[in-house]
Amino acid sequence: MSETNPIWFDPTLCLIGGKWVPAQSGETLPLVNPSDGSAICQIARGGAADIDAAVQAAQAAMDGDWGRMTALERGRIITRIGQLVLDYADRLAVLEAMDVGKPLTQARADAIALARYCEFYGGAADKVHGQTIPFMEGYTVYTLREPHGVTGHIVPWNYPMQIIGRSVGAALTMGNAAVLKPAEEACLTALAFAHIAMEAGLPAGALNVVPGIGAEAGAALTAHPGIHHISFTGSVPTGILVQTAAAKNVVPVTLELGGKSPQLVFDDADLDAALPFLVNAGCQNAGQTCSASSRILVQRGVYDEVKRRMAEAYAAITVGPAMEDLRMGPLISARQKEIVSGFLAKGADLTIAAQGEVVGHAPAEGAYLCPTLFADVPGDHALARDEIFGPVQVLIPFDTEEEAVQIANSTDYGLVASIWSRDGSRQMRLAKKLHAGQVFINNYGAAGGVELPFGGVGKSGHGREKGFEALYGFSQLKTVAAYHG
Ligand code: TXE
């Protein structure tokens, strides 16, 4: 690699059993920079044979040194990976910005979050305890938390570092050996993370990385009989394919499938506090966030003011190349721009309250789109129900608390929700009523909080990641009943 090339490793290789090797087919895929449409580099086009080799290498690690390590030793390695990620944070941020198109500051925040996952999980490794259970006379009964074995991780392109941290980090912490299939659109930081993990002393085979196309490497991973748990983050249709393939091997899955997360703003809300969260939760990462808040439900008494202030904020948003570190970068790809543009066309009958601006010098080949705020949107409109996964938010007016809950709960999804109100009773009441895996009160945490259990209900998926719940999810409970008289 040349000195000016920010990629400090060979991106065309897979990591299998501690060795960096090309795909067995010898084939590669292009990685495209969404800021200008240019080719970044080639990556391996892994296939079923590479996945099979990776699963075997992972199983060998489970049967070898990695499988014999104590929780304390594993925790030290994961913590050391986190420390190295901090050392590499600036370089990781450049890779993520280039690959995903997210502004440099957001990419750096993702690198810090990756480190934070490693710190949190690493520190927790020896604190996941079993129970002793009172039982019949003459017995001692206790539980053990054991790894599943070989875990498969299919990661999307929107937050590669964060999702690898929360999923692979937790799996390794609990002593599983992981096979990671990053997204074909963005996988530089997955490869970088693997290099860093090896540098930190992770034993060979504990982490294996096979880039490739979803229908090839991804499908091979989910169907492989040597996999004992699958963690998937992505779309609903692909999640269904993953769960179906896993069911054939009776393998547990964690699915995180996005959402249509609402923020409920009541007349008594502190609007000064709410405004930045209302806008940012829709615009962060150009709206390509599983927990993006794409629906803003506002009570009539403050509706006009919220609309006016959000419109002002939108008009000030500038969109441009990731390296310029503006408020927003391009979407991940021309394909994603097409998907989001399709939704914008469906909104032709709606009122646009405001749009941001793509800077004039943004390359025409980049996947840029103006962020758009729609006003007065009926709760049953396609733009108010479907996940758009782009910089689009809808404002929906409501009159009563009951109506707000009904609209909030009316989509197929249930990932995150927030309540903006000073009324404590209402906060508690609605926290229970809202269909969501996470409810924020007077704040909103899109993709934040490594300590906070995270996951959805309904079509947002099932299983919980982050926090100690992730460690429970990446382990299985064994009950030991000893009779000693
Ligand atoms: O998702 P896919 P795509 C949603 C979002 C977006 C839409 C399409 O609405 O517009 O999905 O994005 C791998 N077996 N989200 O096409 O197909 C693929 O290689 C196994 C929400 O990128 O779900 C990639 O690694 N794996 C979401 C990963 O699945 C397969 C994040 C995600 O791709 C596979 C991303 C198969 N048959 C998109 N096909 C979120 N929850 O944050 C693909 N893959």
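Residues take numbers from 1 onward in each chain, read along the sequence in its written order. Reporting of local features is limited, given that this is a predicted model, to residues whose pLDDT is at least 70; pairs of side-chain atoms are given and counted only at 80 or more, and all residues count toward the totals for whole chains, interfaces and linings. Computation of side-chain values covers all heavy atoms of the structure but excludes hydrogens and water.

Participant: Just to check I follow, could you spell out the environment of Gly473 for this structure?
Facilitator: Elements are defined by DSSP. Helices are runs of H or I of four residues or more, strands are runs of E of two residues or more, and each kind is numbered from the N terminus. Mapped onto the elements, Gly473 comes out in helix α16 (residues 467–473). Each residue is assigned to one of three classes by its accessible area relative to the maximum for its type, calculated with a 1.4 Å probe on protein chains only: buried under 20%, partly exposed between the two thresholds, exposed over 50%. Judged by relative accessible area, Gly473 falls into the partly exposed class, the value being 30%. As for Gly473 and Val236, which are separated by 237 residues in sequence, their C-alpha atoms are 21 Å apart. It only takes one pair of heavy atoms within 4.5 Å for two residues to be counted as in contact. Ignoring anything within four residues of it in the chain, the contact list for Gly473 reads His148 and His229.

Participant: How should I be thinking about the nonpolar core in this particular structure?
Facilitator: One recurring pattern in soluble globular proteins is that nonpolar side chains are buried together. One finds Trp66, Ile81, Leu188, Phe193 and Leu207 to be the most contacted residues of the largest nonpolar core, which totals 77 residues. Residues within four places of Leu207 in sequence aside, it is in contact with Leu15, Val168, Ala178, Leu180, Phe193, Ala194, Ala197 and Leu202. To form a nonpolar core, buried Ala, Val, Leu, Ile, Met, Phe, Trp, Tyr and Cys residues must be joined to one another through side-chain atoms within 4.5 Å. Listed in part, the 55 residues of the second largest apolar core include Val265, Ile396, Phe398 and Ala408.

Participant: What am I meant to see in the site of the ligand here?
Facilitator: By convention in this text, a residue qualifies as near a molecule or strand provided that one of its non-hydrogen atoms is within 4 Å of it. Trp157, Lys181, Glu184, Ser235 and Arg335 are the nearest of the 28 residues found near the ligand. Each polar contact in these results corresponds to two N or O atoms within 3.5 Å; when the atoms are within protein, one needs to be able to donate a hydrogen and the other to accept it, and residues that are neighboring in sequence are counted only if both atoms are side-chain atoms. Between the ligand and Val155 there is a distance of 2.9 Å, counted from an oxygen atom to a backbone nitrogen or oxygen. One nitrogen or oxygen atom from the side chain of Gln336 is found 3.0 Å from an oxygen atom belonging to the ligand. Here the ligand occupies the largest pocket. Among the elements of the structure, α8 (214–223), β10 (229–233), α9 (236–248) and α12 (334–346) are those that each provide at least two residues to the shell around the ligand. Among the elements that take part in the shell around the ligand, α8 stands out by supplying four residues, more than any other. A cavity here means a set of 1 Å grid points, computed over protein atoms only, where a 1.4 Å probe fits but cannot escape. A pocket is an open set with protein on both sides within 12 Å along at least 5 of 7 lines, and lining residues have an atom within 4 Å of a point. Put plainly, a molecule is in a cavity or pocket when over half of its atoms are within 2 Å of the grid points there.

Participant: When you look at the pairing of strand β18 (residues 392–398) in this model, what are you seeing that I'm missing?
Facilitator: The two faces of a sheet get side chains in turn, since along a regular strand they alternate between them. Along β18, seven of the seven residues are buried, which leaves the element largely enclosed by surrounding structure. Every second residue of β18 is oriented toward a common face, with Val392, Val394, Ile396 and Phe398 on one face and Gln393, Leu395 and Pro397 on the other, all of them buried. When strand β13 (residues 293–299) meets β18, the two strands line up parallel, connected through five bridges. Its bridge partner lying in β18, Val298 is registered against Pro397. A pair of strands is treated as paired once DSSP finds two or more bridges between them.

Participant: I would appreciate a short explanation of the pattern of salt bridges in the present structure.
Facilitator: If charged atoms from side chains of opposite charge come close, those side chains can pair. Criterion for a salt bridge: a side-chain nitrogen of Lys or Arg within 4 Å of a carboxyl oxygen of Asp or Glu. Scanning the model with the defined rule gives 23 salt bridges in all. Arg426 is paired through a salt bridge with Asp268; the nearest N and O atoms lie 3.4 Å apart. Taken together, the residues span a long stretch of sequence, with Arg426 in helix α15 (residues 424–433) and Asp268 in the loop between β12 (261–265) and α10 (271–283) at a distance of 158 residues. Owing to a relative accessible area of 14%, Arg426 belongs among the buried residues under this scheme. You can call Asp268 partly exposed: its relative accessible area is 25%.

Purely geometric numbers; function is a separate question.
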